[in-house]
Amino acid sequence: MSLRHVAKPVGVRLAGVGMAVPPRCATNDDLSKIVDTSDEWIRPRTGIKQRHLSDEGLKTSDLAAQAVTMALEDAGISPNDLDLLFCATMTPDMVCPATACQVVAKIGAVPCGAMDINMACTGFVGALNMASNAIASGMYKNVAVIGADQLSTIVNWEDRRTCVLFGDAAGAAVLTASDNANQGCLYQRIWSDASKADALYIPRDEKDLPANIDATNTDEPGWNGQYDKLQMDGRTVFKFAVNALKSCVQTALQETGLTPDDIAMVIPHQSNIRMLQTAWKKLGFDDDKIYINIDRFGNTSAASIGLCLYELKQQKRLHEGDKVIFVAQGGGLTWGVSAWEL
Ligand code: ACO
């Protein structure tokens, strides 16, 4: 059932946004010194020109704390007034404590409630949905959503099929209760299908390899020979992501009764320019209604939608009353959507 059928006690306002990237920026030419690749190969296939990469010692929680501090300042909300913080990440500092708890301590928001969400690249949308529900329930007033990932720490730097695609970053949003009950999430949904998890996964050892993978053949799609590193079957992911993006946006339109003309902007996870363009053509939206910044950051997993939000606000392209759709797909496999009136 769509959430629009449920009485909404309070509205939810997107009060502040922030972002952080590590200082080191690597161009495609820089990567061509590490693996056998080139700007000519990477750019047309992925849209990526450069990405920011973490140096030793920088943690996911450091980037996340920087981004959410900026978002709190933007919202004019003190860390002490934060009630709940979600951190979407697949590269936590450690398994326990959650990165979200580390962030709460780093920004001086103790004893704010905190939890991590692991939905890979879909994490920001998942966290946004949970944060919206927490406020709309009337139980929490100020809730932070962070997407933070350091994919550079979990790619195999000898595998050119994967290492060129990703970058490190954190994006954050602070949501707050609003008296305007029309403001906030109009429709939301997340989905998963682990029967197709082999397209994008991180095996710990041989037991985690799919049955069809020969551990000695590292040229196979979906296996590059290193455990605890990201494995990807690029073509399968491509098809999945295009279909998921398209169906997420179509479902949000159907459930809200909105048309592409009503939507000010679609803010998608920055997966790969060709995937975004292929889905976009099928959806039939105007080109200027999709935000793209993968050229400067690469695929930053859970962080990417937060980076887009920050840049859109900086460019004054988001206005109160605008209807926007957040959409993402990633490992799990997971996919999700969130349609908002800002
Ligand atoms: N540089 C140079 N050559 C490369 C590179 C590289 N970085 N990577 C692969 N190649 C080579 C391959 O070795 C292969 O060479 P061969 O023909 O001699 O064997 C050739 O390029 C073609 O390789 P394919 O894997 O078949 O290339 P494909 O056309 O499928 O494109 C790509 C690969 C760009 C990864 C594509 O599959 C894709 O876009 N997939 C989506 C993956 C993605 O973006 N994932 C992001 C994470 S998921 C998410 O965010 C939802």
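Every value quoted in this text rests on a predicted model; they were computed, and no experiment measured them.

One open sheet accounts for four strands, arranged β8-β13-β12-β11; its pairing is mixed. This sheet does not close on itself; its edge strands, each paired only once, are β8 (184-192) and β11 (265-268). If you compare each strand with its neighbour and ignore which way they point, the axes differ by 10° on average. Direction of pairing for β11 relative to strand β12 (residues 323-330): parallel, over a ladder of four bridges. Within the sheet, the bridge partner assigned to Pro-268 lies in β12 and is Val-327. Packing against the sheet, helix α7 (residues 234-256) makes contact with β8, β11, β12 and β13 (334-341), and its axis sits at approximately 150° to β12. Together, β11 and β12 form the strand contacts of helix α10 (residues 304-314), whose direction differs from that of β11 by roughly 145°.

Glancing now at the layout of surface pockets. The computed volume of the largest pocket comes to approximately 1100 Å³. If you trace the largest pocket, you find 47 residues lining it, with Leu-165, Met-232, Asp-233, Gly-234 and Val-237 closest to the centre. At the level of secondary structure, the elements contributing two or more residues to the lining of the largest pocket comprise α2 (39-46), α6 (160-163), β9 (200-201), β10 (231-232), α7, α8 (273-283) and β12. Per-class residue counts for the lining of the largest pocket are 23 nonpolar, 16 polar and eight charged. Looking at the second largest pocket, its volume works out to about 280 Å³. Surrounding the second largest pocket, 15 residues form its lining, Leu-58, Thr-60, Pro-92, Gln-150 and Thr-153 being those nearest its centre. Here the residues of the lining of the second largest pocket sort into four nonpolar, seven polar and four charged.

Cut-off values and rules
All chains use their own residue numbering, which begins from 1 and follows the written sequence. In view of the model being predicted, local features appear only for residues whose pLDDT reaches at least 70, and side-chain atom pairs are presented and counted only at 80 or more, with totals across whole chains, interfaces and linings using the full set of residues. Computation of side-chain values: all heavy atoms of the structure, hydrogens and water removed. Here, a strand pair is defined by DSSP locating no fewer than two bridges between the strands. Helix numbers and strand numbers start at the N terminus; a helix is a DSSP run of H or I with at least 4 residues, a strand a run of E with at least 2. Each axis is a line fitted through C-alpha atoms, taken for helices only over the stretch in contact, and angles between the N-to-C directions span 0 to 180 degrees. By the convention used here, residues are in contact when the closest approach between their heavy atoms is within 4.5 Å. The definitions used throughout rest on a 1 Å grid laid over the protein atoms alone, on which a cavity is an enclosed set of points accommodating a 1.4 Å probe that cannot get out and a pocket is an open set flanked by protein within 12 Å on both sides along at least five of seven lines; lining residues are those having an atom within 4 Å of a point. Grid points are joined across faces, edges and corners, and a volume is the space filled by probe spheres set on the points. Charged means Asp, Glu, Lys or Arg here, nonpolar means Ala, Val, Leu, Ile, Met, Phe, Trp, Tyr, Cys or Pro, and polar covers whatever is left, Gly included.

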